[in-house]
Amino acid sequence: MTPPCPHTPIQPVEPAAAPGDPGSGPQTGGAQTGGAQAGPRDLLVRLPGLPSQVSRVRRLVAAALGRDHPLYDDCALLASELATNAILHSRSGAGGWFTVAVRTSGAAVRVWVADAGSEEPPCACRTGPRATGGRGLPLLEALSHRWGLSRSGGATTVWFELAHAAGWS
């Protein structure tokens, strides 16, 4: 069992809605792609809470963005960190499911990972240099343009947004 976090837990923050964006994170349900407001490669997928699914999350990011996209590396890293957190730190990893959404626009890439929730809210604790874990949320904080989380109905959704560099289309 993981000891309690000695730092203040992260406070929930909802993402501000972008034009054409539902702004409420992913909806739970079966594997889906597209939708009335979705772009051609926007994805929404429900996955079993198994460690093998982390590599699938990276493949989903590749399918949504393409490996040549300038934000691909950071987006794949952060999405896989959030998927790992969902599996390791929530009820999703105890026989449950988690949902991943990737939404692209001309200005940014937004990713949500919704899990089955946990007793405690996520904590961006700082770890020592020899620790083998605990770097996911600090990476999210360092690499994303903005990010946040919401806890509702026993579930936790963590989202991040990476801004496009000028000139990317």
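Check the entry above for the structure.
Since the model is a prediction, treat every value here as computed from it, not as a measurement.

*Asks:* When you look at the environment of R91 in this model, what are you seeing that I'm missing?
*Replies:* Mapping R91 onto the fold places it in the loop between α2 (72–89) and β3 (97–104). Owing to a relative accessible area of 38%, R91 belongs among the partly exposed residues under this scheme. Note: C-alpha distance between R91 and A116 (25 residues apart in sequence) is 5.2 Å. Non-local contacts of R91, meaning those with residues more than four positions away in its chain, are made with G96, A116, G117, S118, E119 and G154.

*Asks:* What am I meant to see in the pairing of strand β5 (residues 146–152) here?
*Replies:* Sheet faces and side chains relate simply in a regular strand, where the side chains alternate between the two faces. In terms of strand pairing, β5 meets strand β6 (residues 155–163) through seven bridges, oriented antiparallel. Along β6, the bridge assignment pairs R151 with T156. Counting the residues that bridge the hairpin from β5 to β6 gives two residues, and of these G153 lies at a positive phi of roughly 60°.

*Asks:* What am I meant to see in the nonpolar core here?
*Replies:* One recurring pattern in soluble globular proteins is that nonpolar side chains are buried together. Of all hydrophobic cores here, the largest spans 33 residues; its most connected members are V61, C75, F98, L140 and F160. At the level of elements, β2 (43–48), α1 (53–65), α2, β3, β4 (108–115), α3 (136–143), β5 and β6 are the ones that each hand at least two residues to this core. It is α2 that provides the largest number of residues to this core, a total of nine residues. Once you skip the residues sitting within four places of it in the chain, V61 turns out to touch G66, Y72, C75, A76, A79 and V102.

*Asks:* Hey, could you run me through the packing of α2 against α3 in this one?
*Replies:* Helix packing geometry: the angle between the two helix axes and the distance between the axes. Running from amino to carboxyl end, α2 crosses α3 at an angle of 150°, the nearest separation of the two axes being 9 Å. As far as their axial angle goes, α3 and α2 are roughly antiparallel. At the point where α2 passes α3, the crossing takes the left-handed sense. Contacts between α2 and α3 involve D74, L77, L78, E81, L82 and N85 from the first element and G136, L137, L139, L140 and L143 from the second. When its residues are assigned to classes, the contact of α2 with α3 shows seven nonpolar, two polar and two charged.

*Asks:* Explain the environment of S52 here, please?
*Replies:* Here S52 is to be found in the loop between β2 and α1. Considered as a pair, S52 and T84 are 32 residues apart in the sequence and their alpha carbons are 9.8 Å apart.

*Asks:* So what exactly am I meant to see when it comes to the packing of aromatic side chains here?
*Replies:* Inspection of the entire model under this criterion finds zero aromatic pairs. Directly above the ring of W159 sits R110, whose terminal nitrogen or CZ lies 5.8 Å from the centroid.

*Asks:* How do you make sense of the pattern of salt bridges when you look at a structure like this?
*Replies:* Pairing is possible between side chains of opposite charge, provided their charged atoms come close. One pass over the full model with this rule turns up four salt bridges. Notably, a salt bridge pairs R110 with E161, separated by 2.6 Å at the nearest N-O pair. Here the residue R110 occupies a position in strand β4, and E161 occupies one in strand β6, the gap between them amounting to 51 residues. Taking relative accessible area as the criterion, E161 reaches 10% and is therefore assigned buried. When the shortest N-O distance is used, the salt bridge between R146 and E161 registers 3.0 Å. Separated by 15 residues along the polypeptide, R146 in strand β5 and E161 in strand β6 bring together distant segments of the chain. Since its relative accessible area comes to 26%, R146 is described here as partly exposed. Salt bridges linked by common partners bring R110, R146 and E161 together as one network.

*Asks:* What should I look at first to understand α1 in this one?
*Replies:* Helix length check: α1 (13 residues) gives 18 Å between terminal C-alpha atoms against 18 Å at 1.5 Å per residue, within 8%. Along α1, the residues classified as buried are Q53, V54, V57, L60, V61, A62, A64 and L65. Its buried side turned inward, α1 meets β2, α2, β3 and β4. In the stretch just after α1, G66 is the one whose phi turns positive, near 90°.

What counts as what
Residues numbered from 1 in each chain as written. Predicted model: local features only at pLDDT ≥ 70, side-chain atom pairs only at ≥ 80, totals over all residues. Heavy atoms only, no water. Helix = DSSP H or I, 4+ residues; strand = E, 2+ residues; numbered from the N terminus. Buried < 20%, exposed > 50% of the residue type's maximum accessible area, 1.4 Å probe, protein only. Contact = heavy atoms within 4.5 Å. Pairing = 2+ DSSP bridges. Core = buried A, V, L, I, M, F, W, Y, C linked by side-chain atoms within 4.5 Å. Axes fitted to C-alpha atoms, helices over the stretch in contact; angles between N-to-C directions. Parallel < 35°, antiparallel > 145°, perpendicular 65-115°, else oblique. Left-handed = near helix turned anticlockwise from the far one by under 90°. Nonpolar A, V, L, I, M, F, W, Y, C, P; charged D, E, K, R; others polar. Phe/Tyr/Trp six-rings, centres within 6.5 Å; stacked < 30°, edge-to-face > 60°. Lys NZ or Arg CZ within 6 Å of the ring centre and 35° of its normal. Salt bridge = Lys/Arg side-chain N within 4 Å of Asp/Glu carboxyl O. Expected span 1.5 Å × (residues − 1).

Fair warning: the whole summary comes from geometry, so function is off the table for now.
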